[in-house]
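Remarks on the overall topology
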Amino acid sequence: MSEINIIGKVSATERNPNSCDEFCFWLKDNVILSPFDIVKVPNTMDNSTTFGVVQDIFHVTDSPGHISNFVSSDFGDVEAKPMTSRLALSYAKVSVIHNDNENFMPVLEGTPVYTCNADDIRIALGLNNIDKESAISAGLLKASNGIVVPIDYNGDFLIGPEGAHLNVSGISGLATKTSYIMFILKAIQEKLGEEVALIVLNVKGDDLLHVDETNTKITDTQRADWKALDVPCEPFKNVTYYYPFSHIKGSDIYSHTSLPNDDLLAQYSANKAYNYVYTYEHDVGKIDMLFSNIDDPNFTIESILNHIETSPEFSGDMGWEDFKQQIRGYTSKEKKHQDIFVNSWKKFSRLVGNSINNRMFVNSISGDKKQRHCHLSDAVKNINGGDMMVIDIAGLDEQMQCLVFGDTIRAVYDLKHGDYDYDERKSKKPVPKKIVVFVDELNKYAPSTSPKNSPLLANLLDITERGRQEGIILFSAEQFKSAIHDRVKGNCGTNVYGRTNAIEVSKPDYRYIPNVYANMMTRLGKGDLIIQHPVFKTLLKVKFPYPCYHQGGSK
């Protein structure tokens, strides 16, 4: 099926001329073609080749209208066979993506159009110009003529320094967003080894809490896809899990997670799991993250946080209960603050009180090794190249998820900037060259309606706008791209689209996508994705292999 066949000839008409951007060609009978297929046309004037990607396919006849077709079928007799067949043809509209001699003249009427083999597709997409050292697998392109081509991202544009950040959007369950990003992370870990560290936040059940275990359900056919992409079909390496601290009375379980207890105890035994806590002395400066999604138009919350940071009343040997008691003191008329109204203190007290009731907030790190306490930010600051941290936030409410995510990215930022006490980094190894952070449900942390003074949004903007040069890379996913803050999504160099709905593709974010492709997004099958990458000269439809790690949910 890899042979190159002529499938039609270029067609230019008075009303529909060809241009340097696009052309049309008619198809010979019995040719099967699909949008996203790549075709080529030879140019005799300079022996160059023009490549194009099929945008749309039409079928036209000489019938003046549907009534004529109805009459031709013996006035609506579905069994009738017309005496004379209509003059009919199929033709395709093609967007020009490349010419191997930089010849931008329109292709000429009557020139034959050919299918492409794997080498042609690589040339057309610029894959042949991607350095093997920086190539990172993106998936398999499967053309209508049976050609299967492994597609690679240019790593310089995926994880810096030329460009960075990846965003995947699509309907939950059908778009396979998480599975795709985990595939990319696996390819990165295998490719870059100790140059990169991975931090993954688990937001659903125990989906990502077995990533170091083999997927026993994978078939030989699915393994072949991994082989075709030259990525080992193996679980992730050097994985450590971090769970919010809690305790089930009468048990040795000290984690708040949906991971089955047997699996959790096995991770404890293998020294692969820890429970993160927040102590007043270590973490009081992070409580601003609890208010990331709370609108503060009059900056009263910000004023209270500033007061807490500077007032001696909130320093010294205190615990969280003492902190709450001090806050409650400002809600009474006896202890007024000259600039902040009592009602603002009451609102702040209520918000803080609801969150700090969580068992993660403790007075000190426990000396009991069974409880496996740790500070999450300290764990981040000790991450080594080749390591993978999986942080479980699935069981936390939205405010607490903002705190944990904000704490994580702030610690990554401090680590890469060297903005930390060097005694905090116990690891003797150098700081990883790149750190990739993956978070699902980005719409919670950087919504389009995010308050302008949100500290979490400020951190995300820093990462997406400047992180590529500093080696801090954000991989993110959400159901609806239109719900994400403009500056965050605008700085993502690589965008991936899974199946979505018609309302979403009608939003301005999809305006640059040809209508046919946008409509196809509403019909994509599970595991099919449309990718946009700075190096590719067009959108591509790819498949990716079945996950190589245990996906949880079996117990």
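Quick note: structure is the one above.
Below is a short write-up of the structure. (Residues numbered from 1 in each chain as written. Predicted model: local features only at pLDDT ≥ 70, side-chain atom pairs only at ≥ 80, totals over all residues. Heavy atoms only, no water.)

**Digging into the pairing of strand β5 (residues 88-99)**
- Note: strand β2 (residues 22-27) against β5, six bridges, orientation antiparallel. Paired with Cys-24 across the bridge in β5 is Lys-93.
- By the bridge criterion, 11 bridges tie strand β4 (residues 48-61) to β5 in an arrangement that is antiparallel. Directly across from His-59, in β5, lies its bridge partner Ser-90. (Pairing = 2+ DSSP bridges. Helix = DSSP H or I, 4+ residues; strand = E, 2+ residues; numbered from the N terminus.)

**Quick notes on the packing of helix α9 (residues 320-329) against helix α10 (residues 342-356)**
- Two elements in contact, α9 and α10, have axes whose closest approach is 9 Å; the angle formed by their N-to-C orientations is 160°. Classified by the interaxial angle, the pair formed by α9 and α10 is roughly antiparallel. Note on packing geometry: the crossing formed by α9 with α10 is left-handed. When α9 is examined against α10, the residues Trp-320, Phe-323, Lys-324, Ile-327 and Arg-328 are found in contact with a partner set consisting of Trp-345, Phe-348, Ser-349, Val-352, Gly-353 and Ile-356.
- A class-by-class count of the residues in the contact of α9 with α10 yields seven nonpolar, two polar and two charged. (Axes fitted to C-alpha atoms, helices over the stretch in contact; angles between N-to-C directions. Parallel < 35°, antiparallel > 145°, perpendicular 65-115°, else oblique. Left-handed = near helix turned anticlockwise from the far one by under 90°. Contact = heavy atoms within 4.5 Å. Nonpolar A, V, L, I, M, F, W, Y, C, P; charged D, E, K, R; others polar.)

**Notes on unusual backbone geometry**
- Residue Pro-161 is reached from Gly-160 by a cis peptide bond, and omega for that bond is 5°.
- Secondary-structure assignment places Pro-161 in the loop between α3 (155-158) and β9 (166-169).
- Its identity as a non-glycine residue notwithstanding, Glu-102 has a phi of 55°, on the positive side.
- Tracing the backbone shows Glu-102 in the loop between β5 and β6 (112-115).
- Classification of Glu-102 as exposed rests on a relative accessible area of 54%.
- Phi is positive for Phe-299, close to 60°, though the residue is something other than glycine.
- Inspection of the secondary structure assignment puts Phe-299 in the loop between α7 (280-283) and α8 (300-310). (Buried < 20%, exposed > 50% of the residue type's maximum accessible area, 1.4 Å probe, protein only.)

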